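Take a look at the letters that make up each chain.
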Amino acid sequence: MSTRILALESSCDETACAVVIDGRRLLASSVASQMEIHARYGGVFPEVASRQHVLSLVPVVRQTLQKARLSLDEMDAIAVTRGPGLAGSLVVGLNAAKGLALASSKPLLGINHLEGHLYSAWIAAFPADPPPYFPLIALLVSGGHTELILMTDHLTYCRLGGTRDDAAGEAFDKVARLLGLPYPGGPAIEQAAAGGDPQAFALPRAWLKGSWDFSFSGLKTAVLRLVRQLEKEGKPLPVADLAASFQAAVVEVLVGKTLQAARQFQVRQILVAGGVSANQALRAAIRAQDDFPVRIPPLGLCTDNAAMIAAAAHFRYLSGQRDPLDIEIRPSWPLT
Ligand code: KG4
Ligand code: ZN
């Protein structure tokens, strides 16, 4: 018997809904992005985000069910992102999911957004695509998180380390702003970097030897100093070279530490997920070795979406998780 799960995701600035079968087969996925609205403010504006979720949720759910050619009654469970994320945004999704679960008498499952990002790698890219296998090292790089995780089985995580300051995506967003590039900074930096020299500027790499942690604030400050100095000298900003040098520094540390962990823990695979895993330089660098097969979700599943929440929910559903209708949001919810 297969399981069909309808999931909602509204933890930040995307209102999303998806239907996934057995945690792997994506039937339908819709994402209403608020990117253009927040770009005007240069970042996510929480009050605006929750209001947009209220406006978008019902149309997004309708559209998803239409695409899947299924009704709510044909689902086995309703899943939703319970945290971490923006409180006002999470509340909208959780309340909507409770309403759907109540109306359809289906079980409700509150899912951790970070677990969702990891399970985005389970969605099959094509019908015969085999699932990831354990043990694996997962590098989770998003706007709010940078985590190195050892996964020994489904839903079983050992957090090796994480960022001590800025998340990788946050560093992309902040440096983009310094370079006068639009929000979100990740894709803007990637685009600008394509025409630049990654060796133009020698930027610092924080290896934090002896620890699996990361740090990107020193790198961000180094870019800030360079920008100020160049501006003082009245020189035009070499945006492409600065973007390429910054991107190279981030990618080198992310890939270097992930490979080190993969070797030390003798894993069978490497998994990269989260918004920053859409970065082509990162994707290419982690794949430029033959020791470990690498799993990275297709671009559309790297940034926030509901398919990943439905995929994670499938494995939670199999493990017996069913949540009561009075669960609350968890804006700060670590994976372990
Ligand atoms: O996973 P995500 O959509 O949301 C969070 O859970 O935070 O990640 C968003 C982050 C943003 O910081 C964005 O700048 C970054 O992912 N990002 C990228 C790229 N696409 C999105 N960073 C680098 N290169 C990209 N192509
Ligand atoms: Zn995310």
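Residues numbered from 1 in each chain as written. Chains lettered and ligands numbered in written order. Predicted model: local features only at pLDDT ≥ 70, side-chain atom pairs only at ≥ 80, totals over all residues. Heavy atoms only, no water.

Chemist: So what exactly am I meant to see when it comes to the pattern of salt bridges here?
Modeler: Oppositely charged side chains can form a pair if their charged atoms are brought close together. According to the stated counting rule, one finds 9 salt bridges in the structure shown. For arginine 316, the salt bridge is made with glutamate 115, and the minimal N-O distance between the two is 2.8 Å. With arginine 316 in helix H10 (residues 307–318) and glutamate 115 in helix H4 (residues 113–119), the pair connects residues that are 201 residues apart, well separated along the chain. Of the residues examined, arginine 316 reaches a relative accessible area of 22% and is grouped as partly exposed. The exposure class of glutamate 115 is buried, given its relative accessible area of 2%. A salt bridge links aspartate 166 to lysine 220; the shortest N-O distance between them is 2.9 Å. Here aspartate 166 is found in the loop between strand S8 (156–162) and helix H5 (168–178), whereas its partner lysine 220 is found in helix H7 (residues 217–232), with 54 residues between them in sequence. Among the charged side chains, a salt-bridge network with shared partners connects Asp166, Glu170, Lys174 and Lys220. (Salt bridge = Lys/Arg side-chain N within 4 Å of Asp/Glu carboxyl O. Helix = DSSP H or I, 4+ residues; strand = E, 2+ residues; numbered from the N terminus. Buried < 20%, exposed > 50% of the residue type's maximum accessible area, 1.4 Å probe, protein only.)

Chemist: Sorry if this is basic, but what is going on with the sheet that holds S8 here?
Modeler: Backbone hydrogen bonds hold the strands of a sheet together, and the pairing may be parallel or antiparallel. Sheet architecture is open: 5 strands sit in the order S8-S7-S6-S9-S10, paired in mixed fashion. Either end of the sheet is taken by a strand with one partner, and the two such strands are S8 and strand S10 (294–295). Here strand S7 (residues 146–153) runs beside S8; their pairing, made up of 6 bridges, is antiparallel. Bridge assignment links leucine 150 to a residue of S8, and that residue is cysteine 158. Where helix H8 (residues 239–264) meets the sheet, its contacts fall on strand S6 (136–141), S7, S8 and strand S9 (269–273), and the angle it forms with S6 comes to roughly 160 degrees. (Pairing = 2+ DSSP bridges. Contact = heavy atoms within 4.5 Å. Axes fitted to C-alpha atoms, helices over the stretch in contact; angles between N-to-C directions.)

Chemist: So what exactly am I meant to see when it comes to the coordination of the zinc ion (ligand 2) here?
Modeler: Six octahedral donors around a metal ideally subtend angles of 90 or 180 degrees, whereas four tetrahedral donors ideally subtend 109.5 degrees. Distances from the zinc ion (ligand 2) to its protein donors, His113 (NE2), His117 (NE2) and Asp304 (OD), fall at 2.0 to 2.1 Å. Positions of the donor residues of the zinc ion (ligand 2), expressed as sequence spacing, correspond to H-x3-H-x186-D. With histidine 117 in helix H4 and aspartate 304 in the loop between S10 and H10, this residue pair connects regions lying 187 residues apart in the sequence. The exposure class of histidine 117 is buried, given its relative accessible area of 0%. Its relative accessible area of 15% is what places aspartate 304 among the buried residues. (Donors = N, O, S within 2.8 Å, 3.2 Å for Na, K, Ca; no water.)

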